[in-house]
Amino acid sequence: MRGLVTVLLAVITGMFCSFVTYLPFIGDVNSAPNQHVTPVHIERSVQDTGSPNIVTGLLADYRGFDTMWETTVMFLAGLTVVMLLSSSTMGRRPEKEDEDA
């Protein structure tokens, strides 16, 4: 069973790697997103969102319409990163327990 799973994952990985050649190059002016979506976001983001930062406007306003609770998802992702990177020992086991206790 383990060999079958390994072969299946190898085939799927090979397919994904071969499909990369069909993707447009980064920064290609003639790719589909750069033709109709990107110019609209760049031109109208300040007027539509009120934010001078295009990334913030996209995440908070435009993406909020197609993903329910997008702001909550972004807040929880940031909170998770802060919790993972903090040096707090709350909730962790002590590294060495006392043998006399």
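Note that this is a predicted model, so its numbers are computed, not measured. (Residues numbered from 1 in each chain as written. Predicted model: local features only at pLDDT ≥ 70, side-chain atom pairs only at ≥ 80, totals over all residues. Heavy atoms only, no water.)

### Here's the deal with the overall build of the protein
Point 1. The number of helices and strands found in the protein is five helices and zero strands.
Point 2. Going from N to C terminus, the protein has its helices and strands arranged as α-α-α-α-α.
Point 3. Out of the 101 residues belonging to the protein, those deemed buried represent 6%. (Helix = DSSP H or I, 4+ residues; strand = E, 2+ residues; numbered from the N terminus. Buried < 20%, exposed > 50% of the residue type's maximum accessible area, 1.4 Å probe, protein only.)

### Considerations on helix 3 (residues 38-49)
Every α-helical turn comprises 3.6 residues, leaving residues that sit three or four positions apart pointing alike.
Point 1. Compared with the 16 Å implied by 1.5 Å per residue over twelve residues, the 15 Å span of helix 3 between its first and last C-alpha is a close match.
Point 2. At the exit of helix 3 stands Gly50, carrying a positive phi of roughly 80°. (Expected span 1.5 Å × (residues − 1).)

### Some thoughts on the environment of Val29
Point 1. Locating Val29 in the fold gives a position in the loop between helix 1 (2-19) and helix 2 (32-36).
Point 2. Using a relative accessible area of 59% as the deciding quantity, one classes Val29 as exposed.
Point 3. Apart from residues no more than four positions distant in its own chain, Val29 is found in contact with Asn34 and Gln35. (Contact = heavy atoms within 4.5 Å.)

### Some points on the confidence of the model for the protein
Point 1. Considering every residue of the protein, the mean pLDDT works out to 81; 82% of them sit at 70 or more.
Point 2. The lowest-confidence element of the protein is helix 4 (residues 54-66), averaging 76 in pLDDT; the highest-confidence one is helix 1, averaging 94. (pLDDT = per-residue confidence, 0-100.)

### Focus: a nonpolar patch on the surface
Point 1. A cluster of nonpolar side chains, contributed by Val7, Leu8, Val11, Ile12, Met15, Phe16, Phe19 and Tyr22, occupies part of the molecular surface with about 860 Å² of accessible area.
Point 2. With respect to the helices, strands and loops of the structure, Leu8 is situated in helix 1. (Patch = residues over 30% accessible without salt bridge, like charges linked within 9 Å, V, L, I, M, F, W, Y side chains within 5 Å. Areas by Shrake-Rupley, 256 points an atom, 1.4 Å probe, with all protein chains shown as cover. Salt bridge = Lys/Arg side-chain N within 4 Å of Asp/Glu carboxyl O.)

### Section: the pattern of salt bridges
Point 1. Here the structure, examined in full by the defined rule, presents one salt bridge.
Point 2. Across the pair Arg44 and Asp48 runs a salt bridge, and its minimum N-O distance is 3.5 Å. Highlighted residues: Arg44 and Asp48, both in helix 3, separated by four residues, approximately one helical turn.

### Looking at the side chain of Thr49
Point 1. For Thr49, the position within the fold is in helix 3.
Point 2. Among the polar contacts listed, one links the side chain of Thr49 to the backbone oxygen of Ser45, at a separation of 2.5 Å.
Point 3. Of note is the side chain of Thr49, whose polar atom sits 3.2 Å from the backbone nitrogen of Ser51.
Point 4. When neighbours within four sequence positions are excluded, Thr49 is seen to be in contact with Gly57, Asp61 and Tyr62. (Polar contact = N/O pair within 3.5 Å; in protein donor to acceptor, adjacent residues only side chain to side chain.)

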